[in-house]
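Chain by chain, the residues:
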Amino acid sequence: MKKISQGDVSDIPFPQVPLSEQRRIVDYLDGVQAQVAELQRLQAASAIELERLSGAVLARAFRGEL
C-alpha cells in the first residue's frame, strides 16, 4: 500500500484565487443565503395562513355554509 507523505502533498500546485474574486464569491453567496432565508420566512408565513384558512373552510363546511 503506497502512502502519501507531507512532502508529496506540498509539491502539488494549488491555484490561488485572487482575494477580490474570493470576496465577490462570498458576496454572491451571502446574497443567495439572504434570499433563502427570506423564502423560508415566506414559506413559514404561508403555512400558518394555510392552516388558518383550512380550519375556517372546515368550520364553514361543518356548519353547512359551503
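Residues numbered from 1 in each chain as written. Predicted model: local features only at pLDDT ≥ 70, side-chain atom pairs only at ≥ 80, totals over all residues. Heavy atoms only, no water.

**A closer look at the overall build of the chain**
Here's step 1: A tally of helices and strands in the chain yields two helices and zero strands.
Here's step 2: Taken over C-alpha atoms, the radius of gyration comes to 27 Å for the chain, far larger than the 11 Å a tight globule of 66 residues would show.
Here's step 3: Its C-alpha atoms put the chain at 80 × 40 × 10 Å along the principal axes.
Here's step 4: Out of the 66 residues belonging to the chain, those deemed buried represent 0%. (Helix = DSSP H or I, 4+ residues; strand = E, 2+ residues; numbered from the N terminus. Rg over C-alpha atoms; globule rule 2.2 N^0.38 Å. Buried < 20%, exposed > 50% of the residue type's maximum accessible area, 1.4 Å probe, protein only.)

**A look at the pattern of salt bridges**
Side-chain pairs of opposite charge can arise whenever the charged atoms involved come near each other.
Here's step 1: Within the structure shown, the criterion is met by five salt bridges.
Here's step 2: Among the salt bridges present, the one from Arg52 reaches Glu49, with a minimum N-O distance of 2.6 Å. With a gap of three residues between them, Arg52 and Glu49 both fall in helix 2 (residues 19-62), about one helical turn apart.
Here's step 3: The closest approach of N and O atoms between Arg60 and Glu65, which form a salt bridge, is 3.5 Å. (Salt bridge = Lys/Arg side-chain N within 4 Å of Asp/Glu carboxyl O.)

**Description of a nonpolar patch on the surface**
Here's step 1: The grouping of Ile4, Val9, Ile12 and Phe14 at the surface amounts to a nonpolar patch, some 440 Å² of accessible area in total.
Here's step 2: Among the secondary structure elements, Val9 is positioned in helix 1 (residues 6-10).
Here's step 3: Assessed through its relative accessible area of 41%, Val9 is described here as partly exposed. (Patch = residues over 30% accessible without salt bridge, like charges linked within 9 Å, V, L, I, M, F, W, Y side chains within 5 Å. Areas by Shrake-Rupley, 256 points an atom, 1.4 Å probe, with all protein chains shown as cover.)

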